[in-house]
Structure formats: structure tokens, C-alpha cells
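Observations on chain architecture
The chain contents come next:
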Amino acid sequence: MNNKILLYLAVFCISLDSYFRLRGVVGIGFLLLYLLTIQFNARFDKKFLLPSALMVGGFILYTVLAFLFPNTYLQIPSDREDFICKIFDRFSLILLFLLICWSFSKENYALILRKVALFHIAYLVAQFILFYGLNLKFDILGLFGIEQRTSMDYGDTVVFRPAGLFWEPSNFAAYILALYLPYLIKNKNFRKMDFLLPI
């Protein structure tokens, strides 16, 4: 098996919306499996020192404050019940970023993040075409009892807004931009598929 599959699975799990409470745990698991299959080159790129320190510091601060002031930081009951999952969720993002900061000379992480983003975009485009072309609502999440917020009322008209594998379109936009940003910063020449990003 190509060990890159483990990395793609890790990024994909971490990219999912918060309805998947164990996304952080599963994502970290795939990251650790990936580390076991490669030759680790522990050479840290110093230009990432400040953002790494800010991310780790922010994670520690949030966790401490959440424990000290649960009524403020954990107002939603489900957040209190799944707090340990939220910790792993945020830690998985930091761990992924730190792994990117340590140079794996043969891997282009910006391209990996881009490909995961393109998968999400392709699913959303499929939702749009099937609904407005064939009047068919294609919703994988619905099979698991997850109700997306995709309907918007405009007077007597209800408009369907595809959200891909996310709860609502705004979540989709935020996650996809975050996944695409490293590639946009690093590359000046766009490929044809990159013009799907404005969707």
C-alpha cells in the first residue's frame, strides 16, 4: 500500500466538520501510522517557529481556560460531554501543522492539502448538479442521521445551498480556504482545477 494514502486519510479526517467528534483522534492515528512508514528527517524550518509557538500556546491557553471556566468556554452541553474529543480535534490540527514544519523532503504538503480540498469541492459540485439538474438531493451525511443546514427561505421560495460534507455552506467555505491557502501562497501558476475554488 502506498504510504501516502495514510497521509491523505489523516488530512481528510481532520478536515471533516465537527459532527464527526472523533475526527481528531482518527486523524492523529493515521498521522502516526504514516510516520511509521517513512524516514523521519527532524529538521525544523525556522521560519515556522513563530506560528508554531502561537498555535501551541493558543491550544494550551484554550485548554486551561476551558477547564477553569467551563460555563464560558463550554456553553453548549454537547461540548462539555465531548470535551476530550474537542481537545484531540484541535491537537490534530496543530500536530499536522508541526509535521509540515519539519521537512519531509519528498513531500509537498501544500499539494496534499489541495487535493483533499478538491475532493470536497467535487462532492459539492456533484450535489449542485444532481439537485438543480435532476432534482435529486444527494446527501451522504443524511444516511448517518446528520441533518445539514442547506435550505434557505426567501419568502415563499426555499433555496437549496449545497454544503458538501459540511454542516452548512459557510463551514465549507472556511475549511476549503484553509486547506487551499498554503498552495495559494506557495504557487503563482494555477492549474485548471484551481479555478473551482471560487465555488
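Located above this text is the structure these notes cover.
The following paragraphs examine the structure supplied in this document. These numbers were taken from a predicted model, which means no experiment stands behind them. (Residues numbered from 1 in each chain as written. Predicted model: local features only at pLDDT ≥ 70, side-chain atom pairs only at ≥ 80, totals over all residues. Heavy atoms only, no water.)

**Topic: the overall build of the protein chain**
- A count of helices and strands for the protein chain gives eight helices and two strands.
- Element order for the protein chain, N to C, with α for helix and β for strand: α-α-α-α-α-α-α-β-β-α.
- When each of the 199 residues of the protein chain is scored for burial, the buried share is 36%.
- Only carbon and sulfur atoms are counted for the fraction: they give 67% of the accessible area of the protein chain, which is about 12300 Å². (Helix = DSSP H or I, 4+ residues; strand = E, 2+ residues; numbered from the N terminus. Buried < 20%, exposed > 50% of the residue type's maximum accessible area, 1.4 Å probe, protein only. Areas by Shrake-Rupley, 256 points an atom, 1.4 Å probe, with all protein chains shown as cover.)

**Re a nonpolar patch on the surface**
- Taken together, the side chains of Leu22, Val25, Ile84, Phe88 and Phe91 define a hydrophobic patch exposed on the protein surface, amounting to about 420 Å² of accessible area.
- Among the elements that make up the nonpolar patch, the one with the highest residue count is helix α6 (residues 83-101) (three residues).
- Locating phenylalanine 91 in the fold gives a position in helix α6. (Patch = residues over 30% accessible without salt bridge, like charges linked within 9 Å, V, L, I, M, F, W, Y side chains within 5 Å. Salt bridge = Lys/Arg side-chain N within 4 Å of Asp/Glu carboxyl O.)

**Regarding helix α1 (residues 4-15)**
- The end-to-end C-alpha separation of α1 is 16 Å, in line with the 16 Å expected for 12 residues at 1.5 Å each.
- The set of residues buried in α1 consists of Leu6, Leu7, Ala10, Val11, Cys13, Ile14 and Ser15. (Expected span 1.5 Å × (residues − 1).)

**Looking at the packing of α1 against helix α7 (residues 109-134)**
- Here α1 crosses α7 at 55°, and the two axes come no closer than 10 Å. Between α1 and α7, the crossing angle belongs to the class labelled oblique. For the pair α1 and α7, the crossing hand works out as right-handed. Two secondary-structure elements touch here, α1 through Leu7, Tyr8, Val11, Phe12 and Ser15 and α7 through Tyr109, Ile112, Leu113, Lys115, Val116, Phe119 and His120.
- Residues belonging to the contact of α1 with α7 are distributed by class as follows: nine nonpolar, two polar and one charged. (Axes fitted to C-alpha atoms, helices over the stretch in contact; angles between N-to-C directions. Parallel < 35°, antiparallel > 145°, perpendicular 65-115°, else oblique. Left-handed = near helix turned anticlockwise from the far one by under 90°. Contact = heavy atoms within 4.5 Å. Nonpolar A, V, L, I, M, F, W, Y, C, P; charged D, E, K, R; others polar.)

**Side note on helix α3 (residues 49-68)**
- Over its 20 residues, α3 extends 28 Å from the first C-alpha to the last, a length consistent with the 28 Å expected when each residue adds 1.5 Å.
- Taken as a whole, α3 has its buried residues at Ser52, Phe59, Tyr62, Thr63, Leu65 and Ala66.

**Focus on the side chain of aspartate 17**
- Along the chain, aspartate 17 turns up in the loop between α1 and α2 (23-36).
- Within the buried core, aspartate 17 has no salt-bridge partner, and the shortest N-O distance to an opposite charge, that of arginine 23, equals 5.0 Å.
- For aspartate 17, the side chain forms a polar contact with the main-chain nitrogen of tryptophan 167, separated by 2.8 Å.
- Within the structure, the side chain of aspartate 17 is placed 2.9 Å from the side chain of asparagine 171, a separation counted as a polar contact.
- Setting aside residues up to four positions removed in sequence, aspartate 17 forms contacts with Arg23, Leu165, Phe166, Trp167, Asn171 and Tyr175. (Lys, Arg positive; Asp, Glu negative; His and termini not counted. Polar contact = N/O pair within 3.5 Å; in protein donor to acceptor, adjacent residues only side chain to side chain.)

**Details of the packing of α7 against helix α8 (residues 169-186)**
- At a closest axis distance of 8 Å, the pairing of α7 and α8 adopts a crossing angle of 145°. Classified by chirality, the crossing of α8 by α7 is left-handed. Across the interface between the two elements, Ala110, Leu111, Leu113, Arg114, Val116, Ala117, Leu118, His120, Ile121 and Leu124 from α7 touch Phe172, Ile176, Leu179, Tyr180, Pro182, Tyr183 and Lys186 from α8.
- Here the contact of α7 with α8 is built from residues that sort into 14 nonpolar, one polar and two charged.

**What about the side chain of arginine 114?**
- Structurally, arginine 114 is set in helix α7.
- On the accessibility criterion, arginine 114 (4% relative accessible area) is buried.

**Regarding the environment of asparagine 3**
- Mapped onto the elements, asparagine 3 comes out in the segment before α1.
- Accessibility expressed as a relative area gives 23% for asparagine 3, which makes it partly exposed.
- For the pair formed by asparagine 3 and tyrosine 34, sequence separation is 31 residues and the distance between their alpha carbons is 6.3 Å.
- In contact with asparagine 3, other than residues within four places in its own chain, are Tyr34, Thr37 and Ile38.

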